[in-house]
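# Chains, contacts and geometry: an overview
The residues making up each chain are set out below.
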Amino acid sequence: MPIGVNIPKAKELQKERFRQVRKPLLEALDIDYQRADEAGDASKKTEIATKKQALRDAPADSKIDAA
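Quick summary incoming for the structure in this document. Predicted, not measured: the structure shown is a model, and the values here were computed from it.

### Topic: the pattern of salt bridges
By the definition in use, this model includes seven salt bridges. Lys45 is the salt-bridge partner of Asp37, the closest N and O atoms lying 2.9 Å from each other. Between Lys44 and Glu47 there is a salt bridge, with its nearest N and O atoms 3.7 Å apart. Taken together, the residues span about one helical turn, with Lys44 and Glu47 both in helix H2 (residues 42-57) at a distance of three residues. Three or more residues joined by partner-sharing salt bridges are found here, namely Lys44, Glu47 and Lys51.

### Digging into helix H1 (residues 7-39)
Along an α-helix, a turn takes 3.6 residues, which lines up residues three or four apart on a common side. With 33 residues, H1 extends 47 Å between its outermost C-alpha atoms, agreeing within 8% with the 48 Å of an ideal straight helix rising 1.5 Å per residue. The largest bend in H1 is about 35°, located at Arg22, with the proline Pro24 one to four residues further on. Of the residues making up H1, those classed as buried are Lys11, Lys15, Arg22, Leu26, Leu29 and Ala36. Next to the buried residues of H1 lie H2 and helix H3 (62-66). Between a side-chain oxygen at the N-terminus of H1 and the backbone nitrogen of Lys9 the separation is 3.1 Å; the capping residue is Asn6. A positive phi of about 70° marks Gly40, the residue just after H1.

Scoring rules and cut-offs
Residues numbered from 1 in each chain as written. Predicted model: local features only at pLDDT ≥ 70, side-chain atom pairs only at ≥ 80, totals over all residues. Heavy atoms only, no water. Salt bridge = Lys/Arg side-chain N within 4 Å of Asp/Glu carboxyl O. Helix = DSSP H or I, 4+ residues; strand = E, 2+ residues; numbered from the N terminus. Expected span 1.5 Å × (residues − 1). Bend = angle between axes of the 7 residues up to and from the residue. Buried < 20%, exposed > 50% of the residue type's maximum accessible area, 1.4 Å probe, protein only. Contact = heavy atoms within 4.5 Å. Polar contact = N/O pair within 3.5 Å; in protein donor to acceptor, adjacent residues only side chain to side chain.

What follows is the structure in structure tokens.
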């Protein structure tokens, strides 16, 4: 019997790996955001929010579905 690859399942597994890796990164950025908020640093808050959004968008990257 030939060995097959379940591509849809593999894509979902990769997305889940991204989610696992990004969780501690998002948590660290949450702390940085709170510190910037306490300091009233709007530009730093915007920078952090952009990084957090990029991490949130990673599992939805079209490159995964195109693989």
